[in-house]
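An overview of the molecular structure
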Amino acid sequence: MFKIKKRAAAAGKAPVLYNIIEDYTEFDAPGNVTLCAMTEPEDLPGHARVLSESYEVSIDVMTRLLTEGGVYVYPQEGVLVTRGLFACKLDVAGQEPKQTWVLDVTQYAEAEQLTRSYGLSLEEAAARVFRRTLPPELQERLRQPNIGLDYAKLDRAVAKGGNVKYIDFRKDWSPHFKRLCIMPDGKLVETGGIEEFSSLHGITLAQAKQLLEAGGTLEVEGDVLACQVVNGQPSVARFNRQQYAKAKELVQNKGMHIMDALSQVGLSDPVLMRSLRRLERQS
């Protein structure tokens, strides 16, 4: 019910950082990424600032990584390792675009094992671990020039930039590309980043972060926000008090889980279903 694909960037309205955005979030974790690429020249200060904010890496370190390549290992907090590393890969031969990604704790442990067992640098080990988790289709495309793009079919505003300059493989709810929320009247509202999402729905940042990371429901002024997290990617719908009341009746009378009940209410609502079909056609 809540599965939503992100809309492609509209022609003539290319985002500042990316003009190619492709959704691979339906693939199994940890390869469930959003490919965000740019054919225009890199705005290094802007690129570094955004990635610094997204990944909690200082602007100086991020600028160095984007300039020289390498990895940033997140510092250990307490006795447990809770975060992995951020990587930036540069091809000195200029055959591949600059690429950035993040490894989670498990992937980081795998990369460390490769360095000990085969004498690889941490940078090379991180690249190997990351690449082999990606969807096979994406792995194949990354072996092709310009990620296999057919420039004859690209929007002219994108194609005129020439070769792909950099690719960020992202998983975060970033202000720099939009995600959609289905509203009770069937409207599809775009938000970028947790702050914009929380403002739209009149909830706190802490509530928004908890909902988008853990999923579940959150009552808001008689309405309810329902979030399903699949492969680490949140999809959100908002139901009004009448729709919510129908779902609670299903819970009481049929013993359904509230998320299942809300899905059933949504599937039986012609307005919501028309909106989803329209979105599917646009995607």
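Up top is the structure.
No experiment lies behind these values; they were computed from the predicted model shown.

Rules behind the numbers
All chains use their own residue numbering, which begins from 1 and follows the written sequence. Only residues with pLDDT of at least 70 are given local features in this predicted model, and only at 80 or more are side-chain atom pairs given and counted; all residues enter the totals for whole chains, interfaces and linings. Side-chain numbers here rest on the full set of heavy atoms in the structure, without hydrogens or water. To qualify as a helix, a DSSP run of H or I must reach at least 4 residues; to qualify as a strand, a run of E must reach at least 2; elements of each kind are numbered from the N terminus. Residue burial is assigned from relative accessible area. The probe radius is 1.4 Å, only protein chains are included, and a residue is buried under 20% of its type maximum, exposed over 50%, and partly exposed in between. Working rule for contacts: check all heavy atoms of both residues, and any pair within 4.5 Å makes them a contact. The accessible surface values rely on the Shrake-Rupley method and a 1.4 Å probe; as for residues, cover is taken only from the protein chains in view. Only when DSSP finds a minimum of two bridges between them are two strands counted as paired. The convention used is that axes are lines fitted to C-alpha atoms, helices contributing only their stretch in contact, and that angles between N-to-C directions extend from 0 to 180 degrees. By this rule the span expected of a helix is its residue count minus one, scaled by 1.5 Å. By construction, the arc corresponds to the directions joining the helix axis to the C-beta atoms. N or O atoms within 3.5 Å of each other form a polar contact, as long as, within protein, one can give a hydrogen and the other can take it, and as long as residues adjacent in sequence are counted only when both atoms are side-chain atoms. Aromatic pairing here means that ring centres of Phe, Tyr or Trp (its six-membered ring) are within 6.5 Å. Orientation follows from the plane angle: under 30 degrees is stacked, over 60 is edge-to-face, and everything else is tilted. In this scheme, Lys NZ or Arg CZ marks a charge over a ring once it lies within 6 Å of the ring centre and within 35 degrees of the ring normal.

With that settled, consider the overall build of the protein. Helices and strands together make up the secondary structure of the protein, namely 11 helices and 11 strands. Across the 283 residues of the protein, 45% fall into the buried class. Long-range contacts, defined here as pairs at least 24 residues apart, represent 47% of the contacts in the protein between residues at least 6 apart. Roughly 14,800 Å² of accessible area belongs to the protein as shown, and the carbon and sulfur atoms make up 50% of that amount.

Read across the sheet, six strands follow the order 1-2-6-5-4-3 without closing on themselves; strand pairing throughout is mixed. With partners counted over all chains shown, the strands left at the sheet margins are strand 1 (20–23) and strand 3 (70–73), one partner each. When strand polarity is set aside, the average angle formed by the axes of neighbouring strands in this sheet is 15 degrees. Sheet topology note: the strand 2 (residues 34–38)/strand 6 (residues 166–170) ladder contains five bridges and is antiparallel. Bridge assignment links threonine 34 to a residue of strand 6, and that residue is arginine 170. Running at roughly 110 degrees to strand 5 (residues 98–103), helix 3 (residues 105–118) makes contact with strand 3, strand 4 (85–89) and strand 5 of the sheet.

So, on to helix 3. An ideal rise of 1.5 Å per residue puts 20 Å on 14 residues; helix 3 measures up with 20 Å between its terminal C-alpha atoms. The set of residues buried in helix 3 consists of Gln107, Tyr108, Ala111, Leu114 and Thr115. For helix 3, the angular spread of buried residues about the axis comes to 115 degrees, placing them on one side. Facing away from the buried side of helix 3, by more than 90 degrees, are the exposed residues Thr106 and Arg116. In this fold, the buried residues of helix 3 make contact with strand 3, strand 4, strand 5 and helix 4 (122–133). Between a side-chain oxygen at the N-terminus of helix 3 and the backbone nitrogen of threonine 106 the separation is 3.1 Å; the capping residue is aspartate 104. Looking one or two places after helix 3, you find glycine 119, whose phi comes out positive at around 70 degrees.

Turning next to the side chain of asparagine 146. Its place among the elements puts asparagine 146 in the loop between helix 5 (136–142) and helix 6 (156–159). Engagement of the side chain of asparagine 146 in a polar contact is seen with the side chain of asparagine 163, the distance being 2.9 Å. A distance of 2.8 Å separates a polar atom in the side chain of asparagine 146 from the backbone nitrogen of valine 164. For asparagine 146, the residues in contact, after removing those within four places along its chain, are Tyr151, Asn163 and Val164.

This brings us to the packing of aromatic side chains. Any aromatic ring pair is given by two values, namely how distant the centres are and how the planes are angled relative to each other. Counted by the stated rule, this structure contains five aromatic pairs. Ring geometry for tyrosine 18 versus tyrosine 166: centroids 6.4 Å apart, planes at 70 degrees, classification edge-to-face. Of this pair, tyrosine 18 sits in the segment before strand 1 while tyrosine 166 sits in strand 6, and the two are 148 residues apart along the sequence. A network of ring pairs unites the aromatic residues Trp101, Phe130 and Phe169 as a single cluster. When the ring centre of tyrosine 74 is taken as origin, the NZ or CZ atom of arginine 83, which lies over that ring, is 3.9 Å away.

Let us now look at the side chain of asparagine 19. Mapped onto the elements, asparagine 19 comes out in the segment before strand 1. A polar contact is formed between the side chain of asparagine 19 and the side chain of threonine 39, at a distance of 2.9 Å.

Its location among the elements puts proline 97 in the loop between strand 4 and strand 5. Considered as a pair, proline 97 and threonine 39 are 58 residues apart in the sequence and their alpha carbons are 9.6 Å apart. Look past the residues within four positions of proline 97 in its chain and what remains in contact with it is Lys89, Val164, Lys165, Tyr166 and Ile167.

Take the pairing of strand 2 next. Most of strand 2 sits out of view: five of its five residues are buried. Neither face of strand 2 is left uncovered, since the one carrying Thr34, Cys36 and Met38 and the one carrying Leu35 and Ala37 both have all their residues buried. Where strand 1 meets strand 2, four bridges bridge the pair, whose relative direction is antiparallel. Along strand 2, the bridge assignment pairs aspartate 23 with threonine 34.

In the segment running from alanine 29 into proline 30, the intervening peptide bond is cis, with an omega of 5 degrees. Checked against the element boundaries, proline 30 lands in the loop between strand 1 and strand 2. Non-glycine residue glutamate 56 carries a positive phi angle of around 55 degrees. Mapped onto the elements of the fold, glutamate 56 is located in the loop between helix 1 (44–55) and helix 2 (59–68).

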